[in-house]
Amino acid sequence: MSSGIRIVLKPILIINYVFGLRIAGLSSCSKLWFNVLYILLLWSIYFNFLPSVISIYYKYHSPIEDRVFYVYEICTTLVSIAINIYYNTKFQNCLRKLDIVDNTLLKLGLITNYDKPCNKTVWFILGWFVMVMLTNCSTSLYMKNELNYNLKSALIYIFAMNHCFHVNFIGDLTTASILQFIGLKFDQINEYLQNTMKYKQRKRASRNQITYSHQRNISKACSNKCIMWTIT
């Protein structure tokens, strides 16, 4: 059975794995070496394919700032992938600890409805996809109209050039989804503590009321005895 945090993160972890950003760890059967090999193979294909795509653009229009910015994006992506692989064990341990918190809250009777956070994660991905399409298509249309590029060539070039930037943004969405889950757990803990405090206050008030009524009966009985003793 899938745990809570993995249910919430599953869509975005799949995107991470498909684009070669991190080891998703969606299945216990998947081998670490196979995941690393897939990431290396995917990015090797990208970097071998890239020069042939951008050579036409650089032949006619190659400002130095574009090259510097692109090299910076590539370096950022490679460093991000290396960090994700290096800290994969800690990342999986973090997910397991969140599973423990989730199971503990479940034992306390706090049942979580994961439909809302799952829907938010899906909306994150859809928003990312729409942003990628709008950015790339609008830039391609600009190149077609202003630089007289073929639309197909412009699309291929823009998608290849912006790939690192857009893929890096998936890492931010992953962090946002994890923080969303942690925030949900904190809300549940706060709700549990508030309910516990209210229950204790009601119990204390009920106990005080019983004690007060008991003392009142005793004092009333004592006064009756005094009256009877006085009469006799």
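This is a predicted model, so every value here is computed, not measured.

Chemist: Can you explain the overall build of the protein? Please cite residues and give values.
Modeler: Broken down by element type, the protein carries six helices and zero strands. In the protein, the succession of α and β elements from N to C terminus is α-α-α-α-α-α. In the protein, which comprises 232 residues, the share counted as buried stands at 31%. In the protein, once contacts between residues fewer than 6 apart in sequence are set aside, the share between residues at least 24 apart is 77%. Counting every atom, the protein has about 15,900 Å² of accessible surface; 66% of that belongs to carbon and sulfur.

Chemist: Any chance you could break down the pattern of salt bridges for me, citing the residues and the numbers?
Modeler: Across all of its chains, the model carries one salt bridge by this definition. Where Lys-185 meets Asp-102, a salt bridge forms, and the shortest distance between an N and an O atom there is 2.5 Å. A residue pair is termed long-range when its members are at least 10 positions apart, and Lys-185 in helix α6 (residues 151-231) and Asp-102 in helix α4 (residues 88-107) qualify at 83 residues. Residue classification places Lys-185 among the buried positions, given a relative accessible area of 3%.

Chemist: Which residues make up the confidence of the model for the protein, and what values go with them?
Modeler: Of all residues in the protein, 76% have pLDDT values of 70 or greater, and the mean over the chain is 75. The low-confidence segment residues 220-232, where pLDDT is below 50, has zero contacts with residues more than four positions distant or belonging to other chains.

Chemist: Just give me the short version of the packing of aromatic side chains, but keep the residues and values in it.
Modeler: By the definition in use, this model includes three aromatic pairs. Residues Trp-43 and Tyr-46 carry aromatic rings whose centres are separated by 5.5 Å and whose planes lie at 85 degrees to one another, so their mutual orientation is edge-to-face. With Trp-43 and Tyr-46 both in helix α2 (residues 32-60) and three residues apart, the pair spans about one turn of that helix. Assigned by exposure class, Trp-43 and Tyr-46 land together as buried.

Chemist: Account for the UniProt feature "transmembrane region" (unreviewed entry) in the protein, naming residues and giving values.
Modeler: Mapped onto this structure's residue numbering, the UniProt feature "transmembrane region" (unreviewed entry) falls at residues 7-26, 32-57, 69-87 and 122-143. The span residues 122-143 is 100% helix and 0% strand, and its two end C-alpha atoms sit 32 Å from each other.

Chemist: Give me the nonpolar core: which residues, what numbers.
Modeler: Membership of the largest hydrophobic core comes to 29 residues, with the highest contact counts inside it found for Ile-5, Leu-9, Ile-12, Trp-43, Ile-170 and Phe-181. Secondary structure elements with two or more residues in this core: α1 (4-18), α2, α3 (64-86), α4, α5 (115-146) and α6. It is α6 that provides the largest number of residues to this core, a total of seven residues. Leaving out residues up to four positions away in the same chain, Ile-170 has contacts with Ile-12, Ile-15, Asn-16, Phe-19, Leu-21 and Trp-128. Met-143, Tyr-149, Ile-158 and Met-161 belong to the second largest nonpolar core, which has six residues in total.

Chemist: If you had to explain the side chain of Thr-174 to someone new, which residues and values would you point to?
Modeler: Of note, Thr-174 is situated in helix α6. Excluding its chain neighbours within four sequence positions, the residues that come into contact with Thr-174 are Leu-9, Ile-12, Asn-16 and Arg-22.

Chemist: Break down a nonpolar patch on the surface for me, citing the residues and quoting the values.
Modeler: Nonpolar side chains collect at one region of the surface, where Phe-129, Val-130, Met-133, Leu-134 and Phe-159 lie side by side and expose about 450 Å² of accessible area between them. No other element matches the four residues that α5 contributes to the nonpolar patch. Here Leu-134 lies in helix α5. Using a relative accessible area of 58% as the deciding quantity, one classes Leu-134 as exposed.

Chemist: Now, about the packing of α1 against α4: what can you tell me, with residues and values included?
Modeler: Packing of α1 against α4 brings their axes to within 8 Å, and their N-to-C directions diverge by 140 degrees. Put simply, α1 runs oblique to α4. Across from Gly-4, Ile-5, Arg-6, Leu-9 and Leu-13 in α1, the residues of α4 making contact are Phe-91, Gln-92, Leu-95, Arg-96, Leu-98, Asp-99 and Asp-102. Within the contact of α1 with α4, the residues separate by chemical class into six nonpolar, two polar and four charged.

Chemist: Explain α4 to me, using residue names and the numbers behind them.
Modeler: If you check α4, its first and last C-alpha atoms are 29 Å apart, about what 20 residues at 1.5 Å a residue would give, namely 28 Å. All of the buried residues in α4 are Asn-88, Phe-91, Gln-92, Leu-95, Leu-98, Asp-99, Asp-102 and Leu-105. Along the long axis of α4, the arc covered by the buried residues comes to 130 degrees, so they all point the same way. Facing away from the buried side of α4 by more than 90 degrees, the exposed set consists of Thr-89, Lys-90, Lys-97, Ile-100 and Lys-107. Looking one or two residues beyond α4, the residue adopting positive phi is Gly-109, at roughly 95 degrees.

Procedures and definitions
Residues numbered from 1 in each chain as written. Predicted model: local features only at pLDDT ≥ 70, side-chain atom pairs only at ≥ 80, totals over all residues. Heavy atoms only, no water. Helix = DSSP H or I, 4+ residues; strand = E, 2+ residues; numbered from the N terminus. Buried < 20%, exposed > 50% of the residue type's maximum accessible area, 1.4 Å probe, protein only. Contact = heavy atoms within 4.5 Å. Areas by Shrake-Rupley, 256 points an atom, 1.4 Å probe, with all protein chains shown as cover. Salt bridge = Lys/Arg side-chain N within 4 Å of Asp/Glu carboxyl O. pLDDT = per-residue confidence, 0-100. Phe/Tyr/Trp six-rings, centres within 6.5 Å; stacked < 30°, edge-to-face > 60°. UniProt positions renumbered as here; feature names shortened; annotations may be inferred. Core = buried A, V, L, I, M, F, W, Y, C linked by side-chain atoms within 4.5 Å. Patch = residues over 30% accessible without salt bridge, like charges linked within 9 Å, V, L, I, M, F, W, Y side chains within 5 Å. Axes fitted to C-alpha atoms, helices over the stretch in contact; angles between N-to-C directions. Parallel < 35°, antiparallel > 145°, perpendicular 65-115°, else oblique. Nonpolar A, V, L, I, M, F, W, Y, C, P; charged D, E, K, R; others polar. Expected span 1.5 Å × (residues − 1). Arc of directions from axis to C-beta.

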